[in-house]
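This is what each chain is made of:
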Amino acid sequence: MKNTLSIYNTLSRKKEVFEPLHAGKVGMYVCGPTVYGDAHLGHTRPAITFDLLYRYLMHLEYKVRYVRNITDVGHLVGDADEGEDKIAKKAKLDEVEPMEVVQKYTNNYRNDMRKLNVLPPNIEPTATGHIIEQIEEVKKILEAGYAYESNGSVYFDVEKFAKNHDYGKLSGRRIEDLLENTRQLDGQNEKRSGLDFALWKNAAPEHLMRWPSPWGIGFPGWHMECSAMSTKYLGKEFDIHGGGMDLMFPHHEAEIAQCVASNGHESARYWMHNNMVTINGQKMGKSLGNFITLEQFFNGEHDLLEQAYSPMTIRFFILQAHYRSTLDFSNEALQAAEKGMERLLKATTVLQTLTASNESTVDVNALEAKCYAAMNDDINSPILIAHLFDGVKMINSISDGKATINADDLAKLQQLYQAFVFDILGLEATEAGSSNDDSEKMDGVMQLLLEMRQSAKTNKDWATADKIRDELKSIGIEIKDTKEGATWELK
RNA sequence: GGUCUCUUGGCCGAGUGGCUAGGCAGUGGUCUGCAAAACCACGUACGGCGGUUCGAAUCCGCCAGAGACCUCCA
């Protein structure tokens, strides 16, 4: 039951049973961020999608090597400039070293991911740290005859490759269509065809990031790093390659071509693509300028945000949609996610306090089977979450005495929620007040106030009881009366 | 222009040829001194028009609308 994971393979356009290349082991490569700006909501989609997959594979007891790169060189700014590196351009703007920019945004990215409880990959290689490997790959492609040198740059010969290979198989493109739709880009005159892409690019004198190569001073092409680094750390053939849908063409298509040209066969067996986060129905993206950074979500400082949203709310929001669907941002949707998640997490706390009876009136095995079925069906987290909410009703009913559970089932249910809510979905309970001295004192003060209010209530002194409640509320402390007594929380 | 995808109830979002998705909001109830919170219960749906079928929101066609990629992008 646990081991019938199916995943949607972009190559075949259907769900396939996942069978690793080597029994019990999984190699997976995911395209990481370009570190020239703060991470925004869109960046969380692949990070959380593949974190979910990584966590689930580990839960299934696979030994996983998860590689996610940091792109710190190699992408062009746009077609208007002179082939200048994105990172170099920003660096000049800020008048700092390119590597300083890279370091800053890498740090920010890792920091944001940690807040989102995204597990760090096993290897997080950088493009600048693998220039030698990339040059070696370019050499191999030249030797294989699928590339040519021009003016100190090396280009991949797409038309030649397409004669005996299927260029466009991943993205569903036909070479004839592509040939009709090429645009004027930098270096076009150096290329034999508009479809050809750079494997190595000659650096202009003002270009800051530059390395020596057999073809002169330059920098690696846009798609080279993923081929070189996936091969180095996962081998010439590996299990899963992931990334955003927008990378399918040309990036992943070029990667496939590079690997085939250099190794004689394709590298990744399963290609997985997450869909986009939209805002007002349109893709949230760097180039459109309609993005909201994670930092802005966390502190609420953006015109479109009605409030701050915790990292866990963002994570739950992402997980409530299937990774292959678009997900539309709105305050209403995020607030719904926030409340729903609180209810789910609260139930996990209640679950720890349940006591066992002799008989079970609930079916824990059926719930467990449904949870695995959901995850095995192309890691369908929204379905999983729906089942977990059914379980919330079960937990609350037992807590209310409307249902009973025996000791074995209770242990199983507790394990189930630990596994699915915390280990697999990667949610974590919101920090219930840090345990420093101040919060301990605060807690003491609050206990005193609650006791005073309770005695006022006992004396039917409603004026005093309500004054305590209302005045605390006005300074942002909310009292909640429960069956077990009053509790408080900061709002 | 080319290729492809999507259109589900107030909002977000699953799924499927016939069997309740789920969450949030809303309504009713339980609890409470009152309220909040919490818990329980309950609607409303499958863009339009045709077709296939015993039966379609689910398959096919047309129309309308939205989007993605074709250029860096998660």
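Residue indices begin from 1 for each chain and proceed along its sequence in written order. A letter from A marks each chain and a number from 1 marks each ligand, given out in the order of writing. With the structure being a predicted model, the display of local features is reserved for residues of pLDDT at least 70 and the display and counting of side-chain atom pairs for 80 or more, all residues being used for whole-chain, interface and lining totals. Water and hydrogen atoms play no part in the side-chain values, which are based on all heavy atoms of the structure.

1. Observations concerning the pairing of strand S6 (residues 153–156)
Here comes step 1: Residues Ser 153 and Tyr 155 line one face of S6 and the alternating positions Val 154 and Phe 156 line the opposite face, and both faces are buried.
Here comes step 2: By this definition, two strands are paired if DSSP reports at least two bridges between them. Secondary structure follows DSSP: runs of H or I at least 4 residues long count as helices, runs of E at least 2 residues long count as strands, and numbering of each begins at the N terminus. Across four bridges, strand S5 (residues 147–150) lies against S6 in antiparallel orientation. Each residue of the ladder has a partner; that of Ala 147, found in S6, is Phe 156.
Here comes step 3: Linking S5 to S6, which pair antiparallel, is a turn of two residues; within it Asn 151 sits at a positive phi near 60 degrees. Think of it in three bands: residues with accessible area under 20% of the maximum for their type are buried, residues over 50% are exposed, and the middle band is partly exposed, with areas taken using a 1.4 Å probe on protein chains only.

2. Some words on unusual backbone geometry
Here comes step 1: In this structure, Pro 250 follows Phe 249 across a cis peptide bond, with omega equal to 0 degrees.
Here comes step 2: For Arg 13, which is not glycine, the phi dihedral falls at a positive 60 degrees.
Here comes step 3: The topology assignment puts Arg 13 in the loop between strand S1 (6–9) and strand S2 (14–17).
Here comes step 4: Owing to a relative accessible area of 44%, Arg 13 belongs among the partly exposed residues under this scheme.
Here comes step 5: Positive phi is not limited to glycine here, since Asp 378 has a value of about 60 degrees.
Here comes step 6: Relative to the assigned elements, Asp 378 resides in the loop between helix H12 (364–376) and helix H13 (381–400).

3. Some details on the environment of Leu 57
Here comes step 1: Positionally, Leu 57 belongs in helix H1 (residues 41–59).
Here comes step 2: Whether two residues are in contact is decided by their heavy atoms: any pair within 4.5 Å suffices. Not counting the four nearest positions on each side in its chain, Leu 57 is found in contact with Leu 5, Phe 18, Val 26, Met 28, Tyr 62, Val 64 and Ile 240.

4. Observations regarding the domain arrangement of chain A
Here comes step 1: Once the domains are mapped, chain A shows domain 1 (18–274), domain 2 (278–424) and domain 3 (437–490).
Here comes step 2: Centre-to-centre, using C-alpha coordinates, domain 2 lies 30 Å away from domain 3. Where each domain begins and ends follows an automated or database-derived domain assignment.

5. Side note on the packing of aromatic side chains
Here comes step 1: The aromatic pairing rule takes the rings of Phe, Tyr and Trp, using the six-membered ring of Trp, and pairs them if the centres are within 6.5 Å, calling planes under 30 degrees apart stacked, those over 60 edge-to-face and the rest tilted. Taken as a whole and judged by the stated rule, the model has 12 aromatic pairs.
Here comes step 2: An angle of 55 degrees between the planes, with centres 4.9 Å apart, marks the rings of Tyr 54 and Tyr 66 as tilted. Taken together, the positions of Tyr 54 in helix H1 and Tyr 66 in strand S4 (residues 63–68) put the pair 12 residues apart, joining distant regions of the chain. We note that Tyr 54, like Tyr 66, is buried.
Here comes step 3: Arranged with centres 5.4 Å apart and planes meeting at 65 degrees, the rings of Phe 156 and Phe 161 form a pair that is edge-to-face. Taken individually, Phe 156 and Phe 161 each receive the classification buried, so the pair is uniform in this respect.
Here comes step 4: These aromatic residues form a ring-pair network of at least three members: Tyr 146, Phe 156, Phe 161, Tyr 167 and Phe 197.
Here comes step 5: Of note, Arg 173 hangs over the ring of Phe 249, and the distance from its end group to the ring centre comes to 4.5 Å.
Here comes step 6: Only Lys NZ and Arg CZ are tested; either one counts as a charge over a ring when it is within 6 Å of the ring centre and within 35 degrees of the ring normal. The ring of Tyr 8 has Arg 324 lying over it, and the distance from NZ or CZ to the ring centre is 3.9 Å.

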